[in-house]
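# Commentary on secondary and tertiary structure
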Amino acid sequence: MDLGSATWPEAQAFSERGGVLVAPLGSFEQHGPHLPLLTDTLIVGEVARRAASALGEGATWLPTLWLGASPHHIGFCGTMTLQNDRYIGVVEDLLESALESGFRRILLLNGHGGNEAPAR
């Protein structure tokens, strides 16, 4: 189930069943002159969708967080980033929201190396 397409009662029923909430973490940065700026976001979003779909009723996924921690790529035109402390805050707020909604099994699925340290 795509949580973004669910109604709030459907989301509540899912959280009460104890399913896994997959939260894909992407970025918006350069990947050489030949790939789109959303490369990490597109890949991790598709991996999350396929993984959750393979688990059937046991998993759902969030829309991919497309803004990541990419200050090391800021010299490339089009790169959008959060500083590490702000990224940590965004991930904390995301997790707190999920917990408040009753989700207890949450998988942060990271698609960008720069997110690794702050998401940890």
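Use the structure listed above.
Bear in mind that the values here come from a model prediction, so they are computed numbers and not experimental data. (Residues numbered from 1 in each chain as written. Predicted model: local features only at pLDDT ≥ 70, side-chain atom pairs only at ≥ 80, totals over all residues. Heavy atoms only, no water.)

A separate point is the overall build of the protein. Looking only at helices and strands, one finds four helices and three strands in the protein. When the elements of the protein are put in sequence order from the N terminus, they spell out α-β-α-β-α-β-α. Expected size for 120 residues packed as a compact globule is a radius of gyration near 14 Å; at 15 Å, the protein falls within 12% of this value. A burial count over the protein gives 36% of its 120 residues as buried. Long-range contacts, defined as pairs at least 24 residues apart, comprise 64% of the intrachain contacts of the protein with a sequence gap of at least 6. Of the roughly 6,900 Å² of accessible surface on the protein, 60% is carried by carbon and sulfur atoms. If you average the places of the 7 positive and of the 13 negative side-chain charges in the protein, the two averages end up 6 Å apart. (Helix = DSSP H or I, 4+ residues; strand = E, 2+ residues; numbered from the N terminus. Rg over C-alpha atoms; globule rule 2.2 N^0.38 Å. Buried < 20%, exposed > 50% of the residue type's maximum accessible area, 1.4 Å probe, protein only. Contact = heavy atoms within 4.5 Å. Areas by Shrake-Rupley, 256 points an atom, 1.4 Å probe, with all protein chains shown as cover. Lys, Arg positive; Asp, Glu negative; His and termini not counted. Charge placed at Lys NZ, Arg CZ, Asp CG, Glu CD.)

Looking now at the environment of Ser53. Note on placement: Ser53 falls in helix 2 (residues 39-54). Among the residues examined, Ser53 registers a relative accessible area of 39% and is labelled partly exposed. With 58 residues separating them along the chain, Ser53 and Gly111 place their C-alpha atoms 18 Å apart. Among the polar contacts made by the side chain of Ser53, one reaches the main-chain carbonyl oxygen of Arg49 at a distance of 2.9 Å. (Polar contact = N/O pair within 3.5 Å; in protein donor to acceptor, adjacent residues only side chain to side chain.)

With that settled, the discussion passes to the pattern of salt bridges. One pass over the full model with this rule turns up four salt bridges. Close ionic contact of Arg17 with Glu57 constitutes a salt bridge, the shortest N to O distance being 3.7 Å. Within this pair, whereas Arg17 is found in helix 1 (residues 8-17), its partner Glu57 is found in the loop between helix 2 and strand 2 (59-61), the two being separated by 40 residues in sequence. Within the structure, one salt-bridge network assembled from shared partners comprises Glu46, Arg49 and Arg50. (Salt bridge = Lys/Arg side-chain N within 4 Å of Asp/Glu carboxyl O.)

On to helix 2, then. When the terminal C-alpha atoms of helix 2 are compared, their 23 Å separation across 16 residues agrees well with the 22 Å that a helix rising 1.5 Å per residue should span. What helix 2 keeps buried is the set Thr39, Asp40, Thr41, Val44, Gly45, Ala48 and Ala52. Looking at the buried residues of helix 2, the elements they touch are strand 1 (20-25), strand 2 and strand 3 (105-110). Just downstream of helix 2, Gly56 is the residue with a positive phi angle, here 60 degrees. (Expected span 1.5 Å × (residues − 1).)

Inspection of the secondary structure assignment puts Ser15 in helix 1. For Ser15, a relative accessible area of 9% puts it in the buried group. Within the structure, Ser15 has its side chain in polar contact with the backbone oxygen of Gln12 (distance 2.9 Å). Filtering out sequence-adjacent residues up to four positions away, Ser15 remains in contact with Ser101, Gly102 and Phe103.

With that out of the way, let us pick up the sheet that holds strand 2. Spatially, the three strands line up as an open sheet ordered 2-1-3, and their pairing is parallel. Of all strands in the sheet, those with a lone pairing partner are strand 2 and strand 3, marking the two edges. Shown here is a sheet whose adjacent strand axes are inclined to one another by a mean of 25 degrees, direction ignored. In this sheet, strand 3 lies alongside strand 1 in parallel orientation, the contact comprising six bridges. Across the sheet, the residue bridging to Ala23 is Leu108, located in strand 3. (Pairing = 2+ DSSP bridges. Axes fitted to C-alpha atoms, helices over the stretch in contact; angles between N-to-C directions.)

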